[in-house]
Structures are given as structure tokens and as C-alpha cells.
Amino acid sequence: MGSEPEGNDITRTPTPTTTTTTTTAPTATTAPWPPAAPAAARTDTGPQADTGSPAEPGSEPGAGSAPPPSAPASASGPGVWEGLVTSALLGTDRRTPPGGERGPGAVAALLDAAAAETVRRRAGLRPARAARRPDPAPEDPRPPLPDAAARRLTTLLTDRPGAAGGGRRGSAPDLMELLPQWLAAANTRGFAAPPQALPALLDAARGRTDLRPAALTFAGPRARWLARLNPDWRFALRATPGGAAAPPDADAAERARRLWDEGLFAERVALLASLRARDPAGARELLASTWAAERAEDRLMFLDSLRTGLEAADEPFLEQALADRSRNVRATAAELLSALPHSALAARMAARAATCVSLDRTVTPPAITVEAPHECDSGMERDGVVAKPPAGRGERSWWLGQLVEAAPLATWPARLGGRTAEEIVALPVSDGWQSELHAAWCRAAVRQRDGGWARALLGAPTAPEAGGPGAVSLAERAKLLGTLSAGERAEWVAGFIATHGLSEAFQLLGMCGVPWATPLGRAVVDALNIARDAGSYPWSFSGVMGLAERCLDPSEASRLDGLLAIPDEPEDASPGAGWYWAEAFQRLVTTLRLRAAMTEELRAGPS
């Protein structure tokens, strides 16, 4: 007789010794599919395939083999694996493995059984139904990037200069900080993103929310396609801009309605934002159709989308939202209504605020007197006034600030003797209420985008007080600057730096357009040069230096060549400060020239 093939030692299962044809139980190598027949219904008539050694001539099948003492009895079934795992977790002393026995060999038997069961599970795995292929990625009709610009994008997305080395960047530019500027320039020129760069681009946008608008615009329609395949990029479904949406038609309206009714939350937010940008009334009607059935957190996000294109026609819907069950929804609705100066809520808040602020003409010069509210009634709460103040804040001042902030700024000239905003801000305020009142006017000017009041509260940039006549902090002044034009902002901040230096200008510089206007850029460079000559460490100005690398006009690089040498250090200078300043200016010049090269690469036509 020919010998039988040897089985694997791990999967070999001995069979009982017998002198007649016998039946065998399923072995550890038996796969669960198709199901094995019951042992009593089967007879083995051929050579044993799982015998551990070749059969001797003239011997009966399975004769001469004995089970190893450590091998557990063969067991299989839907709960065997779970039983083995439980025994491994609890210990063989507390839980006997399936088909095994207690004793010193129980651990080895458990491992042998687990190995055999693993093979059985893998070999017996039933193939799953093939998934439907994803739809092809949409075409991007925009022209491709020039080759040099595509290589630059890869470098910006992959290189991390200065990430190591103890936090010191040396003179190498920080490439990742240049990516937002590169994306803005590429979008201005209407280029399409290289397909192979999209995963890295979406990963970068995932980690930096400030990159997302520009990155998703540059990624184009394929960003949404990829976001459906990778949950890490689902933010693209929520944040994809809607400006490139096709004009609405009957089919598009039907698809939008179906997406609104059946889509994911992120898709619904993106749809509402897109529709709001081109059809504010249609977006409002779509939201109103399901408003009562939405969850509170979803209503809040949807309501926030009405900031885009906010108009008087939104007032009835927002008035209804004032009665919402969610306090956050009510507060957002009240904030939006207060930004509509002719809304009923704005009139109600103006009437309340006017009773709290008046002009005392009995003193010279006239002064503003304040009588803060003594209670927060239900009407105030319905209109968005939060009754409970934050820790450390008095109730009356808290209520007063909310009333004045929500009142139209046009209320105050008529209330305070026909004075202009500048004259009102210059009036003294009695009983120590000036900071509270002026801070509320600052918030109102920002909310209502009122440039006249913003200028009055900012004051002259050359005023001795860095805080200004109306704003109580530099943070408030930065927000007020946002209501002015880019040129006016740059001019004001340049004057502020010339008077007060750079130590308090960081927040203000962040509000200025890029690249900085020439007067502002030169004011910053002059202030940095003064700080260098004073012998200060450049680390105190690292934030401003980083902004200069990203915002200074690249044409200013030639003016900085004279600052690259290590200066002579005065006697009272910090040790080594001159060397660090030279390195910082070298990095600034290198970055400016790199930005100029990036711009030239994007100006080239498509390859």
C-alpha cells in the first residue's frame, strides 16, 4: 500500500484505535462550511487524512497512534472560540478550556487548542458578498498645476523644517505656515489639485481647521468623493463651500430635497450652507419644513447658517426660534435678530437699554448716568438675555451689558442729545460704569458692523493710552479693526506701532490683510530693527517675526539685506542676542524670497 501524506503537527488529531471500520468525530481541521454530517451517519472507508504518520502495510487505518497527553479533546462550534478566550482571560485553574482537563498540562493544551481553532476559523471562513464598486470620481474641469507648482505643493505638504532640534528653527523657513498662502494663490488662479496630492491635502486640513476652506476649494469636487470613503475626512462633507454649485433646476431641487430628508448631518449642513449662499429664502424654507423634528444640537448648527445673507425676511422665522426649547438656540436667534437694526427684537432691546442710560445735564460737562436693571424678567429672557452671570460678575452689570450690546447703535445719538459717536464716547460716565458701557458698545459695533462707532471707540492710533478711549482691551480693539477696510486697518496699525512699538501689536497685526501694505510693513521692520539695536532677545518678538514671514510683502526682502550681519552688541545687551537676531532676519529674508518664487511658479501657465 502507498503511504498517506503526513498532516501538520498542529492540526493533526488522533483517531481511536480499532479493528473495524470506525466513525470519527469532526477534527480540529474540519471547516464550519459546509456543515459536517453527524458522526453517527458517517463511516470512513479510505485512508485517514489526518493520521500523524504513514500507515504500515497490513495495518488498519488509524492503528498505532495514541493521543498526546496534553491535547484536549477535539471540539468545534460557535462558542468554542469564546470559551477558549474566557479560559485564557480567567486562567485555566478557574475555567477549564473546552474539551480539556485540569492539570499541569492545561495551559499547553489551551494554547494548542487555540492554535487549532484559529486554523479552523480561518479555513472555514465563508466568503462575504462583494461590495458594490464606488462610483467613479467626478472630473475636475479646472486646468492642472504647472509642474514646478505641483512639486512645491508636495514639499509644503510633506516637509517639516524646524520640527526637531529642541524647538529652534534656525534659518530654515517654516513651510507648513506658507501652505495657506500658497492655497489662496492657487485658488485665485483657478488651478485643480493634483489627484495624487489630495490625501495629504485632506490630512493637513483635518489637523488644521484654518486650512479647510482654502484646501477644500482647491481639492474641488473630488474632496467630497474621497470624504465618503474615509471617515477621517468627513469634515469635507460639512465644510465644502457651495459657491461652485450648479444653478438650480427641477432635478437639482428634487435631489436637494432628498438629501435634506435622507442625508447625513454633515451633508445636510453643507447643503444648507450652499443653498443659503445662492438662495437665502429657499434655504430658510427648507430649514423651516423640518425644524420641529430636528434635534436641539442640530437646530443650533442649522440656525447658525442663517448668518450668511442675513436679511429682514428672516425675522419671522427667527422670532419663532426665540420660543425654542433650547437656550442656545434662543440665544443664537436673539443674536441674529439684534444684527437686524429694524427688527422687533432690536426695538424692544433699544427701549430697555434707553431706560438704563441717560444724560445728566446738571453737571459740567454733561455726563452719562447708568441705572442697571434690577431684575431679568421673562420678556428679557425670551429675547436672549441670560439671567445667570458668570462667576465673578455682578448680575446687574451682566444684564446691562447684554441690553446695550443688542440695542441698535442708532439709539444713542437721539438718546444722548444728538451727539455723534465720537462725542458720546468722549463723555464722562458716572459711578464707574464707563468700562462696562464702552465694552458693550464695542460688542455692538462688531455685531452690527458699524465702522463709524468702531472708529470712535478705537480712537487715534497715536493716543498715549494703548487701550484707546472706548475699547477696554487690545482684544476688543482688534475686533473693532475688523469692521474697517483693509487699507484703513493697515494705516491705523502702522500708526499704533510707530507710537507704542511691537510689544502690544501682535493681535492688531493679525487683523491686517496679506500682504501688508507698504507703510505697515516698513513700520514693522523699523520696530524690529529698533529692538535689535536695543540688544533685546528676538524671542520676545517671535510672534511678530512669524507674522512678518507670512505677511510682509516679498518685495521688501532687498531692504532687509543690511540686517543680516551680526550687529555690535552694546554693553548692557543680552549675551548672544546679536547672533540670534541675524539668524531671525536670515530666516525672514529666505522666507520672503521663497514666497516670491512660489508666486512665480503659479503665474506660469499649465504644463
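Residues numbered from 1 in each chain as written. Predicted model: local features only at pLDDT ≥ 70, side-chain atom pairs only at ≥ 80, totals over all residues. Heavy atoms only, no water.

1. Some words on the side chain of serine 397
For serine 397, the position within the fold is in helix 17 (residues 395–406). At 3.1 Å, the side chain of serine 397 forms a polar contact with the backbone oxygen of glycine 394. Among residues more than four places away in sequence, those in contact with serine 397 are Trp433 and Glu436. (Helix = DSSP H or I, 4+ residues; strand = E, 2+ residues; numbered from the N terminus. Polar contact = N/O pair within 3.5 Å; in protein donor to acceptor, adjacent residues only side chain to side chain. Contact = heavy atoms within 4.5 Å.)

2. Quick notes on the nonpolar core
Membership of the largest hydrophobic core comes to 103 residues, with the highest contact counts inside it found for Trp412 and Trp441. Among the elements that take part in this core, helix 25 (residues 518–533) stands out by supplying seven residues, more than any other. Setting aside residues up to four positions removed in sequence, tryptophan 441 forms contacts with Ile368, Val404, Leu409, Trp412, Leu416, Ile424, Trp453 and Leu457. Among the nonpolar cores identified, the runner-up in size contains 37 residues, and Leu156, Leu178, Leu211 and Phe218 belong to it. (Core = buried A, V, L, I, M, F, W, Y, C linked by side-chain atoms within 4.5 Å. Buried < 20%, exposed > 50% of the residue type's maximum accessible area, 1.4 Å probe, protein only.)

3. Focus on the pairing of strand 2 (residues 367–370)
By the bridge criterion, four bridges tie strand 1 (residues 357–360) to strand 2 in an arrangement that is antiparallel. Looking at the pairing, serine 358 lines up with threonine 369 of strand 2. Between strand 1 and the antiparallel strand that follows it, strand 2, lie six residues. (Pairing = 2+ DSSP bridges.)

4. Things to note about the confidence of the model for the protein chain
Overall, the prediction assigns the protein chain a mean pLDDT of 81, with 79% of residues at 70 or greater. Predicted confidence for residues 1–74 stays below pLDDT 50, and this span has 77 contacts to residues more than four positions away or in other chains. (pLDDT = per-residue confidence, 0-100.)

5. Quick look at the packing of helix 20 (residues 434–448) against helix 22 (residues 474–481)
At a closest axis distance of 9 Å, the pairing of helix 20 and helix 22 adopts a crossing angle of 25°. In terms of axis orientation, helix 20 runs roughly parallel to helix 22. The chirality of how helix 20 crosses helix 22 is left-handed. When helix 20 is examined against helix 22, the residues Ala439, Cys442, Ala445 and Val446 are found in contact with a partner set consisting of Glu476, Lys479 and Leu480. Partitioned by chemical class, the residues of the contact of helix 20 with helix 22 number five nonpolar, no polar and two charged. (Axes fitted to C-alpha atoms, helices over the stretch in contact; angles between N-to-C directions. Parallel < 35°, antiparallel > 145°, perpendicular 65-115°, else oblique. Left-handed = near helix turned anticlockwise from the far one by under 90°. Nonpolar A, V, L, I, M, F, W, Y, C, P; charged D, E, K, R; others polar.)

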